[in-house]
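Next come the chains, spelled out residue by residue.
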Amino acid sequence: MQVSNPNDVKIYNLSAGKSLPEWLSDRKKRQLQKKDVDIRRRVTLMQDFEMPTVSNCMRLSRDGKYLYTSGVYKPRIRCYDVAEMSMKFERCVDSEVVKMHLLSDDYSKLILLQSDRYLEFHAQFGRYYRTRVPKFGRDIAYLESTCEVYVVGVSPEIYRMNLEQGRFMNSIKTEAKEINCCEFNPDHYLFSCGTSEGKVECWDPRDRTRAGILDCAEAVAAMDEDIKHVPAIKSLKYRDALNFAVGTDTGQILLYDIRSSKPLVTKDHMYGLPIKSLEFHRAGGLDLVMSMDKKILKLWSRQTGKAFTSIEPGTDLNDLCVCDETGLFFMANEAPKMLAYFVPALGPAPKWCAFLDNLTEELEESNLPTVYDDYKFVTRKELDELGLTHLIGSNLLRAYMHGYFLDMRLYHKAKSIVEPFAYDDYRKQKIREKIDKQRSNRVIVKKLPKVNKALAAKLLVEEQDVPQTKKQKKQAQAASNLLKDSRFTAMFENPDFEVDTESAEYKLLNPVVSKIDKQKQKKQQQAILAAQFEEVEEGEEDGRASSDEESSSDDDQELRREFRKQHRLVREQQYLERRRGNRSADTDAGTKVKFMELKSSSDVASLNKNSTASKVDRKSKSSFADRLKSLDDGTGVRKSITGGHEMTFTLRKSDKEQKWREKNHAHHVERRKIRRSAGDLPSKKPTNKYWMGKRVT
């Protein structure tokens, strides 16, 4: 993917970059991606989005789900399913396609106007019918109300073919010698066609009479007096019921209102090439006109004609296809790879490639090289200092705004000649940077932030420590990045990001963090001791290794003890919180206490006697079941004498279980009725009788 920024408008070329052949293995593709930057940055919007040599025409279905393209060689059409981002099918045709038009909302019905005077109708399964046009055609239009196809070309006649009857109707005769383009207005179905004499003729399809004629040659001659021939109309496009745009073969665009013969706005491409395609774009709060000739695509304001941006691919362009209300559009060109561009300023990406929005946002945040990274922008004054003013007008300088773009290699070479002592200045600068780097290791007093002071102090210590190994260097670099990175500023400014040292998660994680810090301190002390003392003998090293093993085992035991202690503290804290919650709930749910005033002590004695003794005597004489019933007030809740509550309830059986029990009970009753009694059978088996050692019956 290539990024350009003409007129401060980001343009993403999605078809840029090298394409890899399909027969390469995945391993080879990964290796090429590591080596080549262009392959790594490419974006595959759709698979096989190319033609063998040239692409001629492109059309998007009205539902926005299918894209038709035509090209050579061999002459063929391809249909792409944008939701799947791949090619749906491909069909070869007999001749090159000049124009195509979709009859249905999807891909199922298609008309092709071919260069051999044939008009082909394609259905979902393939070619349905083909017929020949009397003259070579250049453009087609379709009228839905009468199911008629209008064909214009190298003839003054407009041929009408009725698809319902399957035959040509009476043609419409015009005053022109040749007709280059035509279109129906989608609001009132006025048929307009552009002629080779620079006129636009409008016809009413209901009675086949000419509604009016517009001469555009006079307005074009007023714009450019050097034109020696009558400009022909090459393209025509309606914006709404009243406004339309006309493009000539000399590179002018004129915007008209059908109620006036004078153009509202005129625009010149300044290339003198025919305008091949015109589109109106109204998404993103913009009202733009997109005009394309063989060399460039320009976007400009419809009201003022002021340039918005432009795209110059470097290959000859043939056709333009715009996705409605989005910033994505396609172009057919004289190259195998078809072009796809995305401009976020025009609107969002379509739903089927919504990832383009996220991708472009990430690219805008990062400083990726643009198209002009290999060039140096210099002013006229800098050219004089470099002594390169004699190159103005040559291919080595490209004029842009108030200066020129110069090749970076030529710029460095010229600067080395003009400034021979530039290397000495560069060397002094590097030495100064090295000295500043050494000075930065000194102790510098830094003010700690208000939020997460302990974490900031710890990171400052790690940053200022002299790294000994690669791992320590990475940790020091990460600590410095964390303090300087703008993405983490809220961590030391916003109180919402304060580390809660009283939380259970922190307490459980703290033993591990403290052990890691102790290990770091221990390694630093060992490094200091190793630097101060000489190496010991082999036996001493063995003894030291054993002591290290013992210390590591002691550290593990200490870590386990610390873990148990923290778990115990967390459990105790959670238990206390639950107790506090239960007490508060009991106090909230408790009944209000009523106070009564007693006049004398005799009233108190009588109240106690009546309320306690009488009740106890009465209850002691009744049975236990009667006492339980007396405690029940009918709601299933019983109150005890001490103030406790007891609730009884019965589980209600479901209807399905109740039906199953009734059915089972009925089955058992039925079985009891029909079973046979076993009373006639002997209760015991007959015993064998023996006489004189032999069995007898």
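To be clear, the structure that these remarks concern was listed above.
Quantities reported herein were computed from a predicted structural model and do not represent experimental measurements.

1. Focus on unusual backbone geometry
Stage number 1. The omega torsion of the bond from valine 72 to tyrosine 73 falls at -5°, within 30 degrees of zero and hence cis.
Stage number 2. With respect to the helices and strands, tyrosine 73 occurs in the loop between β4 (66-72) and β5 (76-81).
Stage number 3. That bond from tyrosine 73 to lysine 74 is cis: its omega, 15°, falls within 30 degrees of zero.
Stage number 4. Mapped onto the elements of the fold, lysine 74 is located in the loop between β4 and β5.
Stage number 5. Although it is not a glycine, arginine 117 adopts a positive phi angle of roughly 70°.
Stage number 6. Structurally, arginine 117 is set in the loop between β8 (110-114) and β9 (118-122).
Stage number 7. Given the relative accessible area of 22%, arginine 117 is considered partly exposed.
Stage number 8. Positive phi is not limited to glycine here, since tyrosine 189 has a value of about 60°.
Stage number 9. Looking at where tyrosine 189 falls in the secondary structure, it is placed in the loop between β16 (179-184) and β17 (191-195).

2. Thoughts on the pairing of strand β33 (residues 403-407)
Stage number 1. Extensive coverage of β33 is indicated by the burial of 4 of its 5 residues.
Stage number 2. Two strands pair when backbone bridges link them, and strand β31 (residues 375-379) and β33 are joined in this way by 5 bridges, in the antiparallel orientation. When the sheet's bridge partners are listed, tyrosine 375 is paired in β33 with aspartate 407.
Stage number 3. Taking the residues that link successive antiparallel strands as the turn, the strand β32 (residues 397-400)-β33 hairpin has 2 residues, and the phi of methionine 401 there is positive, at about 55°.

3. Observations regarding the sheet that holds strand β3 (residues 54-60)
Stage number 1. Pairing is antiparallel across the open sheet formed by 4 strands, whose spatial order is β3-β4-β5-β6. The sheet is open, and its two edges are formed by β3 and β6 (86-92), each paired on a single side. Each strand of the sheet is rotated relative to its neighbour by a mean of 20°, with strand direction disregarded.
Stage number 2. With 6 bridges connecting them, β4 and β5 associate as antiparallel partners. Looking at the pairing, tyrosine 68 lines up with cysteine 79 of β5.

4. Section: the sheet that holds β16
Stage number 1. The strand order β16-β17-β18-β19 describes an open sheet built from 4 strands, whose pairing is antiparallel. The sheet is open, and its two borders are formed by β16 and β19 (209-215), each paired with just one other strand. For this sheet, the mean inter-axis angle between neighbouring strands, taken without regard to orientation, is 20°.
Stage number 2. Relative to β17, β16 is paired through 5 bridges, and the arrangement is antiparallel. Bridge assignment links cysteine 182 to a residue of β17, and that residue is cysteine 193.

5. What to know about the environment of serine 291
Stage number 1. Summarising the element assignment, serine 291 is placed in strand β25 (residues 288-292).
Stage number 2. In this structure serine 291 comes out as buried when scored by relative accessible area, which is 0%.
Stage number 3. Taking the C-alpha atoms as reference points, serine 291 and alanine 245, separated by 46 residues in sequence, lie 9.7 Å from one another.
Stage number 4. Ignoring anything within four residues of it in the chain, the contact list for serine 291 reads Ile253, His269, Ser277, Leu278, Ile296, Leu297, Lys298 and Trp300.
Stage number 5. In terms of polar contacts, serine 291 uses its side chain to reach the side chain of histidine 269, at 2.7 Å.

Calculation rules
- Residues numbered from 1 in each chain as written.
- Predicted model: local features only at pLDDT ≥ 70, side-chain atom pairs only at ≥ 80, totals over all residues.
- Heavy atoms only, no water.
- Helix = DSSP H or I, 4+ residues; strand = E, 2+ residues; numbered from the N terminus.
- Buried < 20%, exposed > 50% of the residue type's maximum accessible area, 1.4 Å probe, protein only.
- Pairing = 2+ DSSP bridges.
- Axes fitted to C-alpha atoms, helices over the stretch in contact; angles between N-to-C directions.
- Contact = heavy atoms within 4.5 Å.
- Polar contact = N/O pair within 3.5 Å; in protein donor to acceptor, adjacent residues only side chain to side chain.

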